[in-house]
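# Architecture and fold: a report
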Amino acid sequence: MKIRSVLCALAAAAAATVFADVTSNVCGLLKITSDLNNTIIGVPWVEVGTGADVKVAKLVKTDNLTPGDMLYYYQNGTWNAWTLGAQGWERNTTVKVDGITVAAPQEAQGVARGKALILERKGDVTKPFYLYGQFTSDAAAAQTITVGTASAPSYTLLASPKVEAFDFNAEGKIVNPGVNDQIIIPKNGGDNTILTLQDGKWGYRKATTAKKFGKTVTTYTWTQADALAAGTGFWYVSKGGTPTFNW
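Residues numbered from 1 in each chain as written. Predicted model: local features only at pLDDT ≥ 70, side-chain atom pairs only at ≥ 80, totals over all residues. Heavy atoms only, no water.

## Notes on the nonpolar core
Counting residues in each nonpolar core, the largest one holds 20 residues, and the members touching the most others are Ile41, Leu59, Val60, Leu71, Trp89 and Leu131. Elements with a minimum of two residues in this core: strand S2 (26–32), helix H2 (56–59), strand S5 (70–75), strand S6 (78–85), strand S11 (117–120) and strand S12 (129–134). Aside from chain neighbours lying at most four places away, what touches Val60 is Ile41, Leu65, Leu71, Trp89, Tyr130 and Leu131. Core analysis: the second largest hydrophobic core is formed by 16 residues, Ala140, Leu158, Ile174 and Phe245 among them. (Core = buried A, V, L, I, M, F, W, Y, C linked by side-chain atoms within 4.5 Å. Buried < 20%, exposed > 50% of the residue type's maximum accessible area, 1.4 Å probe, protein only. Helix = DSSP H or I, 4+ residues; strand = E, 2+ residues; numbered from the N terminus. Contact = heavy atoms within 4.5 Å.)

So, in structure tokens, the structure goes:
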């Protein structure tokens, strides 16, 4: 594809850009700005040339990343991992997640749109990174979640495949969530934003600190969730719900 040779020069031009190629495929580049050491990233594109699930090793461009950075993919209770090496993304079968050695990923592991990965950066997180692939106008398949329970929650990594912010409370986007389910949005330091349902809307407890009678008092107000930036994702925690995500 001729487009490959000009991507780096054009990458800084815009947050989400598509480039027409002479083969009639339309390639896309999505700029992600995140200050997190561990960013959940989406899959907005398909594989260049075939339209199949984009390969993990091709999705995340290595520009502005650091050797040793990691990609993690979680599916059906199993982790896979890749490390950024001299030749690009290389499969890693020795790293551990929560004390468990990851499983060997497929040689050319693909990830469907609507699924998500975790990018662990060890270098300068103030620099943006880029997701690359082929644009498709086809709608991504609706995502269903494995049901969990209060004592044994089910965790699923998800991200909208669209190159626009995802509104958790938009009509019809999340259908049939459980009243005790949660959505976890990562933040640095482990102080994650945890969304819960209240009157059918997703939101979080917003802390406000003030001085009162010489003491510092913190109050909490339930606040409706903001839209999530394009290309970034979240953990969905089922504690009984069987939601469907209609991207």
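## Some points on the pairing of S11
Within a regular strand, side chains alternate between the sheet's two faces. In this sheet, S11 lies alongside strand S3 (residues 38–41) in antiparallel orientation, the contact comprising four bridges. Following the sheet pairing, Ile40 is matched in S11 by Ile118. As paired elements, S5 and S11 share three bridges and run antiparallel to each other. Bridge pairing in S11 places Leu71 opposite Leu119. (Pairing = 2+ DSSP bridges.)

## Regarding the domain arrangement of the chain
A common measure of how large an interface is: the accessible area buried when the components associate. Per the domain assignment, the segments making up the chain are domain 1 (25–138) and domain 2 (145–247). Summarising the inter-unit geometry, the C-alpha centres of domain 1 and domain 2 are found 23 Å apart. The interface is formed by 21 residues belonging to domain 1 together with 16 residues belonging to domain 2. Between domain 1 and domain 2 the total buried area reaches about 1,500 Å² when both faces are included, carbon and sulfur atoms providing 65% of it. If you sort the residues of domain 1 by the area they bury against domain 2, Ile40, Tyr74 and Gly114 come out on top, with a joint share of 37%. Counting every contact that joins domain 1 to domain 2 gives zero salt bridges. Remark: the boundary between domain 1 and domain 2 carries five residue pairs in polar contact (both at pLDDT 80 or more). Those elements giving two or more residues to the side of domain 1 that touches domain 2 turn out to be S2 and S3. (Domains from an automatic or database assignment. Buried area = accessible area lost by both parts, 1.4 Å probe. Salt bridge = Lys/Arg side-chain N within 4 Å of Asp/Glu carboxyl O. Polar contact = N/O pair within 3.5 Å; in protein donor to acceptor, adjacent residues only side chain to side chain.)

## Re unusual backbone geometry
One non-glycine residue, Asn76, lies in the positive phi region at around 55°. Among the secondary structure elements, Asn76 is positioned in the loop between S5 and S6. Judged by its relative accessible area of 73%, Asn76 falls in the exposed class. The phi dihedral of Asp98 is positive, around 55°, even though this residue is not glycine. Within the secondary structure layout, Asp98 lies in the loop between strand S8 (96–97) and strand S9 (100–101). When its relative accessible area of 73% is taken as the criterion, Asp98 is described as exposed.

## Some points on the sheet that holds S6
As summarised here, the arrangement of the five strands in space is S3-S11-S5-S6-S7, forming an open sheet in which the pairing is antiparallel. Looking at which strands have only one partner, the edges of the open sheet turn out to be S3 and strand S7 (88–91). Each adjacent strand pair in this sheet contributes to an overall mean axis angle of 25°, direction not counted. (Axes fitted to C-alpha atoms, helices over the stretch in contact; angles between N-to-C directions.)

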